[in-house]
Amino acid sequence: MSLTTISRTAETSAPIHEVLAERWSPRSFDSSVEVPSEKITAALEAARWSASAANTQPWRFIVARRGTTEHDTIVENLMGFNQVWASSAQVLIVNLAAIAAEDGTPLRWSQYDLGQAVANLTVQAHHDGLHVHQMGGIEVDGLREAFDIDANLEPISVTALGVLGTPEALTSDVLREREVAPRSRRPLEEIVLVSA
Ligand SMILES: Cc1cc2nc3c(=O)[nH]c(=O)nc-3n(C[C@H](O)[C@H](O)[C@H](O)COP(=O)(O)O)c2cc1C
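As the structure is a computational prediction, the values presented were derived from the model and not from experiment. (Residues numbered from 1 in each chain as written. Predicted model: local features only at pLDDT ≥ 70, side-chain atom pairs only at ≥ 80, totals over all residues. Heavy atoms only, no water.)

Undergrad: What am I meant to see in helix α2 (residues 37-48) here?
TA: Side chains three or four residues apart in an α-helix point the same way, a direct result of the helix having 3.6 residues per turn. Over its 12 residues, α2 runs 16 Å from end to end, which matches the ideal 16 Å to within 8%, given 1.5 Å per residue. Every buried residue of α2 is accounted for by Ile40, Ala43, Ala46 and Ala47. The buried residues of α2 all sit within an arc of 120 degrees when viewed along its axis, so they share a single face. Check the buried side of α2 and you find it contacts β1 (59-65), β2 (91-98), α5 (110-127) and β4 (153-162). (Helix = DSSP H or I, 4+ residues; strand = E, 2+ residues; numbered from the N terminus. Expected span 1.5 Å × (residues − 1). Buried < 20%, exposed > 50% of the residue type's maximum accessible area, 1.4 Å probe, protein only. Arc of directions from axis to C-beta. Contact = heavy atoms within 4.5 Å.)

Undergrad: Please explain the packing of α2 against α5 as it appears in this structure.
TA: When two helices pack together, you describe them by how their axes are tilted relative to each other and by the distance separating the axes. Viewed as axis vectors pointing N to C, α2 and α5 meet at an angle of 145 degrees, and their least axial separation amounts to 7 Å. Every pair of crossing elements has a handedness; the one defined by α2 and α5 is right-handed. Along its contact with α2, which presents Ala42, Ala43, Leu44, Ala46 and Ala47, the element α5 presents Ala117, Asn120, Leu121 and Gln124. (Axes fitted to C-alpha atoms, helices over the stretch in contact; angles between N-to-C directions. Left-handed = near helix turned anticlockwise from the far one by under 90°.)

Undergrad: Any chance you could explain the side chain of Asp113 here in plain terms?
TA: As for its position among the elements, Asp113 is in helix α5. One polar contact links the side chain of Asp113 to the main-chain amide nitrogen of Ala53, over a distance of 3.1 Å. Each residue touching Asp113, except ones within four places of it in the same chain, is listed here: Ala51, Ser52, Ala53, Thr56, Pro58 and Trp59. (Polar contact = N/O pair within 3.5 Å; in protein donor to acceptor, adjacent residues only side chain to side chain.)

Undergrad: Mind showing me how you'd approach the site of the ligand here?
TA: Around the ligand, the structure places Arg23, Trp24, Ser25, Asn82, Trp85, His133, Gln134, Met135, Gly136, Gly137, Arg183 and Arg185. Within the side chain of Arg183, a nitrogen or oxygen atom sits 2.6 Å from an oxygen atom of the ligand. Surface burial for the ligand is 58%, taken as the share of its 620 Å² of free accessible area covered by protein chains. When contributions to the shell around the ligand are tallied by element, the ones reaching two or more residues are α4 (81-86) and β3 (131-135). Per element, the largest residue contribution to the shell around the ligand is three residues, and it comes from β3. For the shell around the ligand, a count of residues per class yields three nonpolar, six polar and three charged. (Near = heavy atom within 4 Å. Areas by Shrake-Rupley, 256 points an atom, 1.4 Å probe, with all protein chains shown as cover. Nonpolar A, V, L, I, M, F, W, Y, C, P; charged D, E, K, R; others polar.)

Undergrad: Looking at this structure, I do not really get unusual backbone geometry. What am I missing?
TA: If a residue is not glycine, its phi is most likely negative; likewise, a peptide bond is most likely trans. Unusually for a residue other than glycine, Gln57 sits at a positive phi of about 50 degrees. One non-glycine residue with positive phi stands out, namely Asp148, at about 50 degrees. With respect to the helices and strands, Asp148 occurs in the loop between α6 (140-146) and β4. When its relative accessible area of 68% is taken as the criterion, Asp148 is described as exposed.

Undergrad: Can you walk me through the pattern of salt bridges in this structure?
TA: Two side chains with opposite charge may pair up if their charged atoms get near one another. Counted according to the given criterion, the structure contains five salt bridges. With its nearest N and O atoms 2.3 Å apart, the salt bridge here joins Arg176 to Asp173. You can see Arg176 and its partner Asp173 sitting in helix α7 (residues 173-180), three residues apart, about one turn around the helix. Given the relative accessible area of 23%, Arg176 is considered partly exposed. A salt bridge links Arg186 to Glu190; the nearest nitrogen and oxygen atoms lie 2.8 Å apart. Owing to a relative accessible area of 59%, Arg186 belongs among the exposed residues under this scheme. Residue classification places Glu190 among the partly exposed residues on the basis of a relative accessible area of 42%. (Salt bridge = Lys/Arg side-chain N within 4 Å of Asp/Glu carboxyl O.)

Here is the structure:
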């Protein structure tokens, strides 16, 4: 079987929305294909319209297109293999969570809210024919310094967004293997602790 024909579709015990079943996190992005600005805007709009605790909207984003110094700076602040594969993503987004509200009240759910916003962004992007790969392996202090990030904002992750490439385009054997490895999940019986 060719590397490119391996199914990435989620196996589920009941049908789920196509976008959710087909979404996965690739490492190979085709950097020769432009991502239309409207699709980037649509993804950010999906994040903007997420639910958040008391509608505090504690998410902030640094968005950098490939070919800009900002994109290069984000790549420089990725850890390990992330730096290798993510440089080909057309867009890199630093996801930041506010720590406290303007009056100093701690935003207890801000990382939860940010995660939900990034999930919505991911679903919209996939719906628009793009792929997304989130990364927690980032140099927080490096990003903070490079973008002069406010002390009230915490860089949590970076999202790679772009057009899917082929596994063969990846330069490392390890990355190619990961790209086509079977996708797996814990069974529902393990994650649903009580189902009354
Ligand atoms: C918060 C978070 C951090 C992640 N960090 C990394 C990372 O640093 N590098 C990486 O290659 N993938 C990273 N991932 C991707 C996960 O490994 C991936 O989502 C998981 O293996 C499930 O695969 P799937 O998204 O293809 O279903 C991260 C995902 C999330 C949500």
